[in-house]
Amino acid sequence: MSIRRSYPLYGFLTIVFLGCNSTQPAGGSGGGGPTIPGCEGTGIPPIPAGTSADAGAEAIPIINERSLFEAAIQPQLSTCRPCHSPGGLADREEGRRFQLTRDTSRDYDNLRAAWVALDRGIETNELLVNPSGSNPAGHTGGTLWAKGSPPYEDTKVLFTCWTDPQACAAALASRPGAAPVPPLPLIGDLTSAGGRNYAAVFCEDKPDCATLPMDPRELISGENIENPRYAVHYNDPFEICETEALFKNQARGNAILKSQGKPPAYTAKPRPKNCGEWRAAVERGGNYIVSNPITGAALTVKSLINIVFGLELPLPPDTPGTNALVNKMTQERYGWSESPYRNPAPLLEDPNQTNGGALQLPLAMTQVKDDAGRWTGQIGITCFACHAGQIGAGEVVGNSAARDGHPERYGGSKNGVFFGLNGSNTDASLAFYDTERFNGAVGPDSFNAVLANPSYLAGRTRGTNAADQEVVNLLVGRDFDTLDWRGPEYEPQNGGKNIPSLPKAGGDQDVPTWWWTHNKTRYLWVGYGSSGSSRGNFFPAMTNPYDGHWSKRREGDFQDMDIWLNAVEAPKFVGPAIDIALAEQGAILFHSKDLWADPGNADIPRPGGNGSCAGCHGAYSPRFIHQPGFLPDPRLAGTTGYTVPLEIVGTDPAQSTFFTGTVVGERDALGGFNALWMSYPDAVEGYRMPEERAAGEPPYPPEMGTTLPGRKCGLGAKGGYTAQPLHGVWASGPYFHNGSVPTVWDVLSPATRPKIWRRQRVPENEATPGLLDRGFDTVLARAYDYEKLGWKYERFECDPSAGAPYHTSCGPNHDVSAAPPPGPDGVANRTIYNTHAYSKGSGGHAYTKVLTDAERRALLEYLKTL
């Protein structure tokens, strides 16, 4: 008998193109469109996932148990070796009965010695009982060799030979002729771990005419939803929202507007179909988000200068001094980074005679241009008021910089600003509060947008944002479908700012990190909306003071912006050298340790999947990505689509309850948020555009009923919280959907989480003289905890007295109305995170209580590699 070694083609194949003369069937969102002149019949034939290239492989004869071991079993021991070696997790009294070493020449003898020590036998021996998942007491390494798998069957043959040499020849003859494929590495790079955008990987060495493959997330639908066969569980699908009906309906609406002598208002467009279109969209989207405020012209330069005066800071007599003061003040007080680009605004000069003006705005603001491309002197708020964090001083550079040549966008500037890193140092609510108190609620320099009243309730703690609460306030004044104001009294300069804030809405939340968006199926923490939607950008865009057509004209720009956002990729770990041996143990634990095998989790319902971290958070190790039964398809490496029910995840319920109870309803219902423009009502055949309907008429004819055929991208939420991908998790703290846990160690150690805590702040000598605001320190060498993976912090004791202040009170579920205005002392208090307050609890993820500290250290070491 002989066997043939074969090795799988994993990840995305690197194929060198010599022009564009092969063919590729259209697939998913990427294929099927018209060809570009000169690129007819482009692309490459798809290669089915999991196939192997074994032509010409070396044949290895199997003549006895020793050759069986060397050819088929010894390669599989690389899965056992990380833990079952001196110093590994299994290096304790029970585990030492099976010990390997780094000297692989001793593997046969060591395995046989373990077999003897474990009472010999065949399928009763713990060497097969434990890794097959047959031991009721569980196995730290989880189920690695399921019954019937090649490693299990080959080891069974080997044990048969050792038990009964007379039966060995027959046992060898009965086994299949092909050896199992040698295991892939436990540790991969960002590409093999699924941490890169699929289009970025595919197009890396391709010409513009190469047809894009299907977005792998499209696989998370149909039979792959709630499928118990896979170790990684999916229950919340990915949906592409653009349909042919959408384009037809919008074209009809634009034709009506044109007939009325009005400009077109609808700008949705098909997704990119080839690498050239994708590259162009990424470039347009990146440029758009940098240079266009999400609010439109909502402020003036005087609005900003009035804050400086209101804080009693002396304005320097020269422009460079003014720029330095403004940028230092906005960085320390609001966490708003200095822009890595020239970001001009005028003081007194004509901006069109001075290339925009002499003032340099922070990244969170930008000057508006009119339709003719001329500077207006007005400024607005950009996405980066919340969605830009700082980490390090230029040493943490995201992978995207290698693609687009802009390291300054991805951590490479002197202040470490990273576009799309969770804004854990920002306090946009304080900025809105200052703007209002120093410019008035209405008037020429006020913030010309509707926000919650009082505005500081938009977030009670620095680094968090009650964005969902704001969304409700923004939308209540607008028609759900047209996005026009319901009446003049709702406009911000009239009565709109008096709309009361919901006292117990979704509460504070962590600002999500953008480098995860291309690896998950759902848009928000609660699984609200498909990640295939670009209309989520319309929610913050409702802060603009204009009519609905102003917003809708930006849909095409928002689509480009979303494609750029999905192209943002995580940074590598930059701390001390990773202990690879320990990280390999962590990889095994992460993907295969069943936390529910431990009776300590008997009080928590079992989730879908295999009960490991990977069951919810996805697979990242090449070895497990390509293991049969782990994923529906290896292309789903690093991808999540599991909205974990509250009774399992157990984290603070406020945001989930708000979405599933107060706001939403059934996914396909026509009332509530599913009548909203953001839920793509115009993507359904039969939809009547607002321009086609009389006032008060419904968007669909009655004969269509209440459940729409072909309806996609409804905004219903299942309840619970969507497990996030974990690439770059080391750089994205604090953790949980509300930012309540400061480090990954604290996530994995529920018993030791702090109840009231504050991140380390910048030293006093770096604060602005006369202001002494101290934002969070982002210098890694002094503020980052490489052992616990997260920012350093200090703990506080809670105050049990009846009159205790909001930020230190022991009162359970402290009501949001107790959050005080951020006066002089309040600014410092807003840096304190109190988990007793409403929506800010740090409970949940309790199933990690069964981990040992040694296992936690191994998991942390592995997470550094992602």
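1. What about the sheet that holds strand E5 (residues 299-300)?
Now for step 1: Spatial ordering of the open sheet is given by E5-E9-E8, a layout of three strands whose pairing is antiparallel. Looking at strand neighbours, the two that pair on one side only are E5 and strand E8 (365-369), the edges of this open sheet.
Now for step 2: Here E8 runs beside strand E9 (residues 375-381); their pairing, made up of four bridges, is antiparallel. The residue bridging Met 365 from the neighbouring strand is Ile 381, located in E9.

2. A closer look at helix H17 (residues 580-592)
Now for step 1: Along its 13 residues, H17 runs 18 Å from first to last C-alpha, staying within 8% of the 18 Å computed at 1.5 Å per residue.
Now for step 2: When we look at burial in H17, the residues that qualify are Ala 583, Gln 585, Gly 586, Ala 587, Ile 588, Leu 589, Phe 590, His 591 and Ser 592.
Now for step 3: The elements touched by buried residues of H17 are helix H18 (613-617), helix H19 (622-625) and helix H25 (853-863).
Now for step 4: For H17, the capping residue at the N-terminal end is Asp 579, with a side-chain oxygen 3.3 Å from the backbone nitrogen of Ala 581.

3. Describing the pairing of E8
Now for step 1: The buried fraction of E8 amounts to four of the five residues, a majority that puts the element mostly inside the structure.
Now for step 2: Hairpin geometry of E8 and E9 is characterised by an intervening segment of five residues between the two adjacent antiparallel strands and by a positive phi of about 85° at Gly 373.

4. What about the side chain of Ser 534?
Now for step 1: Tracing the backbone shows Ser 534 in the loop between strand E13 (509-510) and helix H14 (538-541).
Now for step 2: Those residues within four positions of Ser 534 in sequence are excluded, and the remaining contacts are Glu 242, Phe 558, Gln 559, Asp 562 and Tyr 680.

5. Some details on the packing of aromatic side chains
Now for step 1: Counting across every chain of the model gives 31 aromatic pairs.
Now for step 2: With centroids separated by 5.0 Å and ring planes inclined at 65°, the aromatic side chains of Phe 418 and Trp 515 adopt a geometry described as edge-to-face. Placement of Phe 418 in strand E11 (residues 417-419) and of Trp 515 in the loop between E13 and H14 is noted, with a sequence separation of 97 residues between them. Accessibility classification places Phe 418 together with Trp 515 in one group, the buried group.
Now for step 3: With 5.1 Å between their ring centres and 15° between their planes, Phe 432 and Phe 447 make a pair best called stacked. Placement of Phe 432 in helix H12 (residues 428-439) and of Phe 447 in the loop between H12 and strand E12 (464-465) is noted, with a sequence separation of 15 residues between them.

6. Topic: unusual backbone geometry
Now for step 1: In this chain, Gly 733 is followed by Pro 734 through a cis amide linkage whose omega measures -5°.
Now for step 2: Mapped onto the elements, Pro 734 comes out in the loop between strand E15 (721-722) and helix H22 (744-748).
Now for step 3: Phi angles above zero are rare outside glycine, and Asp 119 is one such case at about 75°.
Now for step 4: Position of Asp 119 relative to the elements: it lies in the loop between helix H2 (107-117) and helix H3 (126-129).
Now for step 5: Assessed through its relative accessible area of 69%, Asp 119 is described here as exposed.
Now for step 6: Phi angles above zero are rare outside glycine, and Glu 312 is one such case at about 60°.

7. Notes on the pairing of E9
Now for step 1: Most of E9 is tucked away: five of the seven residues are buried.
Now for step 2: As judged from the two bridges shared by E5 and E9, these two strands associate in the antiparallel manner. In the strand pairing of E9, Leu 299 is matched with Ile 379.

8. Here we look at the nonpolar core
In globular proteins that are soluble, nonpolar side chains generally tend to be buried together.
Now for step 1: Ranked by size, the top nonpolar core spans 191 residues in total, and within it Leu 158, Trp 564, Phe 590 and Met 678 carry the most contacts.
Now for step 2: Those residues within four positions of Phe 590 in sequence are excluded, and the remaining contacts are Ser 612, Cys 613, Ala 614, His 617, Gly 618, Tyr 620, Leu 726, Leu 859, Tyr 862 and Leu 863.
Now for step 3: By size, the runner-up hydrophobic cluster in this structure holds seven residues, among which are Cys 241, Phe 247, Ala 268 and Tyr 680.

9. Observations regarding the layout of surface pockets
Now for step 1: Estimates place the volume of the largest pocket at around 1100 Å³.
Now for step 2: Every element with two or more residues in the lining of the largest pocket is listed here: helix H4 (150-163), H17 and H19.
Now for step 3: Here the lining of the largest pocket takes three residues from H19, the largest share from any one element.
Now for step 4: Classifying every residue of the lining of the largest pocket gives 23 nonpolar, 19 polar and five charged.

10. Here we look at the packing of H2 against H4
Packed helices, taken two at a time, are described by their axes: the angle between them and the distance between them.
Now for step 1: Running from amino to carboxyl end, H2 crosses H4 at an angle of 70°, the nearest separation of the two axes being 12 Å. Taken together, the axis directions place H2 and H4 in an arrangement best described as roughly perpendicular. Contacts between H2 and H4 involve Tyr 108, Leu 111, Arg 112 and Trp 115 on the former and, on the latter, Leu 158, Phe 159, Trp 162 and Thr 163.
Now for step 2: In the contact of H2 with H4, the residues fall into six nonpolar, one polar and one charged.

11. Side note on the pattern of salt bridges
Should their charged atoms come close, side chains of opposite charge can pair.
Now for step 1: All chains considered together, the criterion is met by 38 salt bridges.
Now for step 2: Glu 692 is the partner of Arg 252 in a salt bridge, and the nearest nitrogen-oxygen pair spans 2.7 Å. Residue Arg 252 is located in helix H7 (residues 244-259), and its partner Glu 692 is located in the loop between helix H21 (654-663) and E15; the two are separated by 440 residues in the primary sequence.
Now for step 3: The exposure class of Arg 252 is partly exposed, given its relative accessible area of 31%.
Now for step 4: Note on Glu 692: relative accessible area 33%, which makes it partly exposed.
Now for step 5: Counted as one network, the salt bridges with shared partners bring together Arg 333, Asp 434, Arg 437 and Asp 773.

12. A short note on the environment of Asn 448
Now for step 1: Positionally, Asn 448 belongs in the loop between H12 and E12.
Now for step 2: Taking the relative accessible area as the measure of exposure, Asn 448 reaches 17% and is therefore buried.
Now for step 3: Asn 448 sits 153 residues away from Thr 295 along the chain, and the two C-alpha atoms are 8.8 Å apart.
Now for step 4: Contacts of Asn 448, omitting those with residues within four sequence positions, involve Ala 298, Pro 492, Gln 493, Thr 543 and Pro 545.
Now for step 5: A polar atom in the side chain of Asn 448 sits 2.7 Å from the side chain of Gln 493.

13. Some details on the state of the cysteines
Now for step 1: Tallied over the full model, the rule gives four disulfides.
Now for step 2: Each sulfur in the disulfide pair Cys 203 and Cys 275 lies 2.1 Å from the other. With the S-S bond torsion at -90°, the cross-link from Cys 203 to Cys 275 turns out left-handed. Placement of Cys 203 in helix H6 (residues 198-203) and of Cys 275 in helix H8 (residues 275-291) is noted, with a sequence separation of 72 residues between them.
Now for step 3: Cys 241 shares a disulfide with Cys 713; S-S distance 1.9 Å. Residues Cys 241 and Cys 713 share a disulfide whose torsion about the S-S bond is about -90°; that sign makes it left-handed. A residue pair is termed long-range when its members are at least 10 positions apart, and Cys 241 in the loop between H6 and H7 and Cys 713 in the loop between H21 and E15 qualify at 472 residues. Across the pair, exposure class does not vary: Cys 241 and Cys 713 are buried alike.
Now for step 4: For the unlinked cysteine Cys 616, the closest cysteine sulfur is that of Cys 613, found at 8.6 Å.
Now for step 5: Of the residues examined, Cys 616 reaches a relative accessible area of 11% and is grouped as buried.

About the thresholds
Residues numbered from 1 in each chain as written. Predicted model: local features only at pLDDT ≥ 70, side-chain atom pairs only at ≥ 80, totals over all residues. Heavy atoms only, no water. Pairing = 2+ DSSP bridges. Helix = DSSP H or I, 4+ residues; strand = E, 2+ residues; numbered from the N terminus. Expected span 1.5 Å × (residues − 1). Buried < 20%, exposed > 50% of the residue type's maximum accessible area, 1.4 Å probe, protein only. Contact = heavy atoms within 4.5 Å. Polar contact = N/O pair within 3.5 Å; in protein donor to acceptor, adjacent residues only side chain to side chain. Phe/Tyr/Trp six-rings, centres within 6.5 Å; stacked < 30°, edge-to-face > 60°. Core = buried A, V, L, I, M, F, W, Y, C linked by side-chain atoms within 4.5 Å. 1 Å grid on protein atoms, 1.4 Å probe; cavity = no way out; pocket = protein on both sides within 12 Å on 5 of 7 lines; lining within 4 Å. Points joined across faces, edges and corners; volume = space filled by probe spheres on them. Nonpolar A, V, L, I, M, F, W, Y, C, P; charged D, E, K, R; others polar. Axes fitted to C-alpha atoms, helices over the stretch in contact; angles between N-to-C directions. Parallel < 35°, antiparallel > 145°, perpendicular 65-115°, else oblique. Salt bridge = Lys/Arg side-chain N within 4 Å of Asp/Glu carboxyl O. Disulfide = S-S within 2.5 Å.

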